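Reading the structure
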Amino acid sequence: MSKILVVGAHGTVGSSLVKALQRRGRQVLRATSRPVASADDVHLNLVTGEGLTAALRGADAAFLLAPPGHADQHALLGGFIDTAQAAGLGKLVLMSAMGADADPTSPLRRTELQLEASGLAWNVIRPNWFMQNFNTFWLHGIREQGRILLPTGAARGSFIDARDIAEVAAELLVGDLQAGQAFDLTGPEALNHDEVAVLLSREAGRDIRYTEISPEQMLAGLLAAGLPPDYAAFLNLILGYFKLGHAERITDAVATITGQAPRRFADYARDFRDAWR
Ligand SMILES: NC(=O)c1ccc[n+]([C@@H]2O[C@H](COP(=O)([O-])OP(=O)(O)OC[C@H]3O[C@@H](n4cnc5c(N)ncnc54)[C@H](OP(=O)(O)O)[C@@H]3O)[C@@H](O)[C@H]2O)c1
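Read on for an overview of the structure. (Residues numbered from 1 in each chain as written. Predicted model: local features only at pLDDT ≥ 70, side-chain atom pairs only at ≥ 80, totals over all residues.)

Let's shift gears to the overall build of the protein. Counting its secondary structure elements, the protein contains 11 helices and 11 strands. The C-alpha atoms of the protein give a radius of gyration of 19 Å, which matches the 19 Å a tight globule of 277 residues would have. Taken along its principal axes, the extent of the C-alpha atoms in the protein is 50 × 35 × 35 Å. When the 277 residues of the protein are sorted by exposure, 42% land in the buried category. Across the protein, contacts joining residues at least 24 apart in sequence account for 75% of those joining residues at least 6 apart. (Helix = DSSP H or I, 4+ residues; strand = E, 2+ residues; numbered from the N terminus. Rg over C-alpha atoms; globule rule 2.2 N^0.38 Å. Buried ≥ 20, exposed ≤ 12 C-beta atoms within 10 Å, placed from the backbone. Contact = placed C-beta atoms within 7 Å.)

Quick look at the structure:
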């Protein structure tokens, strides 16, 4: 049976994607940069290129993302696309990020353009900011201080649940949808961080508030958390775009592709409530 290679298979989107593909009766090869622990896992390191050819040799289609922490995503992903092209991969779905196409020189956009020109059957998905950031990246401030600390002012974001991104990716990998299209993926509503804090407080049963911080404070916090300086600067840059209102747009792509309305923030907060208790 045909196999689908999932890069980032043990991560936020990838772990949901593996389940979504298995529910559709597909065999999955789970890529990992760690030592392989199960017969469904395959070793693949995007930084060194180790395992690329072997992993792609066993697959008919693939899902590709850039692991966080790397500001030059093109340096990380370009070799994967070249190898997929050489291997004659049947289809490649690339997860980029909403807004990446605004700047033709950005590493993510250059990766999208390389894929579009590759001759492979492709789709690009560009999700907005994930709801799951509140139980991962922003969790420390929420747990320790009851504060969401971000430099985003009162701007709103149409946050998307990573589980909906995974459903979209699964449909694009196995469904009849046309290749050669890019989709901006968002949730069904745009909320600011005060509104997010209200929803989290309700589920957590404790007082959680949003406090705006300056970009300089944000950068210092990211560096103190051990992020590489260029990646911390990249995150700060795109948080600045959030503050300017670029994360507010709402699209209907999730419902169009999956036939299901995307999850609301309240659904996410209920399902992940244990994270903030
Ligand atoms: N968070 C957001 O709001 C947001 C919004 C839009 C777009 N995005 C995009 O989403 C992507 C991240 O997705 P995610 O949150 O699902 O990722 P994630 O949970 O951080 O998982 C990424 C996975 O990549 C694997 N990995 C790490 N280093 C690797 C390497 N050198 N080679 C191969 N695999 C490696 C890790 O698994 P192993 O340890 O098993 O290798 C990890 O589980 C980023 O590209 C980001 O730009 C994020």
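Attention now goes to helix 4 (residues 107–116). Every buried residue belonging to helix 4 is among Pro107, Leu108, Arg109, Thr111, Glu112 and Leu115, and all of these are buried. Packed against the buried residues of helix 4 are helix 3 (73–87), strand 5 (91–95), strand 6 (122–127) and strand 9 (181–185).

Here we take up the site of the ligand. The environment of the ligand is formed by 24 residues, the closest being Gly11, Val13, Thr32, Ser33 and Pro67. Element by element, the count of residues in the shell around the ligand is highest for helix 1 (residues 12–23), at three residues. A class-by-class count of the residues in the shell around the ligand yields 14 nonpolar, nine polar and one charged. (Near = placed C-beta within 6 Å. Nonpolar A, V, L, I, M, F, W, Y, C, P; charged D, E, K, R; others polar.)

Packing of helix 8 (residues 215–224) against helix 9 (residues 229–243) leaves a shortest axis separation of 9 Å and a crossing angle of 145°. For helix 8 against helix 9, the interelement crossing comes out right-handed. Contacts between helix 8 and helix 9 involve Pro215, Met218, Leu219, Leu222 and Leu223 on the former and, on the latter, Pro229, Ala232, Ala233, Leu235, Asn236, Leu239 and Gly240. Looking at side-chain class alone, the contact of helix 8 with helix 9 contains 10 nonpolar, two polar and no charged residues. (Axes fitted to C-alpha atoms, helices over the stretch in contact; angles between N-to-C directions. Left-handed = near helix turned anticlockwise from the far one by under 90°.)

This next bit is on the sheet that holds strand 6. Spatially, seven strands are ordered 3-2-1-4-5-6-9 in an open sheet, and the strand pairing comes out parallel. Taken across any chain shown, the strands that pair with only one partner, and hence form the sheet edges, are strand 3 (41–43) and strand 9. Averaged over all pairs of adjacent strands, the angle between strand axes in this sheet comes to 20°, irrespective of strand direction. By the bridge criterion, three bridges tie strand 2 (residues 27–32) to strand 3 in an arrangement that is parallel. The residue bridging Thr32 from the neighbouring strand is His43, located in strand 3. (Pairing = 2+ DSSP bridges.)

On to the nonpolar core. Grouped together as the largest cluster of nonpolar side chains are 76 residues, with contacts concentrated most on Val6, Ala62 and Ala169. The dominant element in this core, judged by the number of residues it contributes, is helix 6 (residues 162–174), at eight residues. Discounting chain neighbours no more than four positions away, the residues touching Val6 are Gly14, Leu17, Val18, Val28, Leu29, Arg30, Ala31 and Phe63. (Core = buried A, V, L, I, M, F, W, Y, C linked by C-beta atoms within 7 Å.)

Shape is all these values report; function is a separate question.
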